[in-house]
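Residue-level structure breakdown
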Amino acid sequence: MRIQESIIIRRRPDEVFAFFDDRRHDSRWMDTVVSSEWVDDGEETALGRRGRMVMRVPRLTKFEDEVIEYEPGRRVGHRSVSDSMVIRTACHAEPVAEGTRAILVFEPERLPGGPIRWLVAPFVARSVRRNYRTDLCRLKQLLEARPGDGS
């Protein structure tokens, strides 16, 4: 299963990327995120950097993650692990005529439910898709309301 949602934001790609590359902003634009932080002392995002995120999915769940894909100004991908799930997520900022296409990607490697996890998959997909659409709208609203030239 792969879920991908996107939205056009009237801001430059570097502005959009800088916002979602900064973990301090995660709980501002992602509804299910309670907290998000780096667990190491590095100053910049880089391959292998480790983080921690607490989310409501549907109960509070702590995820440890590692940056597995990084192209400064364009994309960052994580592999997140909890007790019951292993997922890959990514945020992309692609230039378009109107500004930026912000893209969120979700690819689970392991879902909860043990041997009957295939029954859980449609519910997970529906929930992630709905959350991503809401999160992208919030991201657009936050970034387009910021002062700047919007180009």
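In what follows, the structure referred to is the one given above.
Description of the structure in this document. (Residues numbered from 1 in each chain as written. Predicted model: local features only at pLDDT ≥ 70, side-chain atom pairs only at ≥ 80, totals over all residues. Heavy atoms only, no water.)

**Notes on the packing of helix H1 (residues 13–21) against helix H3 (residues 117–145)**
Put simply, H1 and H3 touch, their axes get as near as 11 Å, and they point 120° apart. One finds that H1 runs oblique with respect to H3. When you trace H1 past H3, the crossing you get is right-handed. Counted together, Val16, Phe19 and Phe20 of H1 and Leu139, Leu142 and Leu143 of H3 form the full contact between these two elements. Taken together, the residues of the contact of H1 with H3 sort by class into 6 nonpolar, no polar and no charged. (Axes fitted to C-alpha atoms, helices over the stretch in contact; angles between N-to-C directions. Helix = DSSP H or I, 4+ residues; strand = E, 2+ residues; numbered from the N terminus. Parallel < 35°, antiparallel > 145°, perpendicular 65-115°, else oblique. Left-handed = near helix turned anticlockwise from the far one by under 90°. Contact = heavy atoms within 4.5 Å. Nonpolar A, V, L, I, M, F, W, Y, C, P; charged D, E, K, R; others polar.)

**A word on the pattern of salt bridges**
The tally for this structure, following the rule as stated, stands at 19 salt bridges. Asp40 serves as the salt-bridge partner of Arg49, at 2.5 Å between the closest nitrogen and oxygen. With a relative accessible area of 30%, Asp40 lands in the partly exposed category. Where Arg52 meets Glu64, a salt bridge forms, and the shortest distance between an N and an O atom there is 3.1 Å. Of this pair, Arg52 sits in strand E3 (residues 50–56) while Glu64 is found in strand E4 (residues 60–71), placing the two residues 12 residues apart along the sequence. Residue classification places Arg52 among the partly exposed residues on the basis of a relative accessible area of 27%. (Salt bridge = Lys/Arg side-chain N within 4 Å of Asp/Glu carboxyl O. Buried < 20%, exposed > 50% of the residue type's maximum accessible area, 1.4 Å probe, protein only.)

**Description of the sheet that holds strand E1 (residues 3–9)**
Here 7 strands make up an open sheet; going across it, the order is E1-E7-E6-E5-E4-E3-E2 and the pairing antiparallel. The outermost strands of the open sheet, each flanked by one partner alone, are E1 and strand E2 (33–38). Along the sheet, successive strands turn relative to each other by an average axial angle of 20°, direction set aside. Pairing geometry for E4 and strand E5 (residues 75–81), over 7 bridges, is antiparallel. Residue Val67 lies in a different strand from E5, and its bridge partner there is His78. Lying over the sheet, H1 contacts E1, E4, E5, strand E6 (86–96) and strand E7 (99–110), oriented at roughly 160° with respect to E6. Helix-sheet contacts for H3 involve E1, E6 and E7, and the interaxial angle to E1 is about 10°. (Pairing = 2+ DSSP bridges.)

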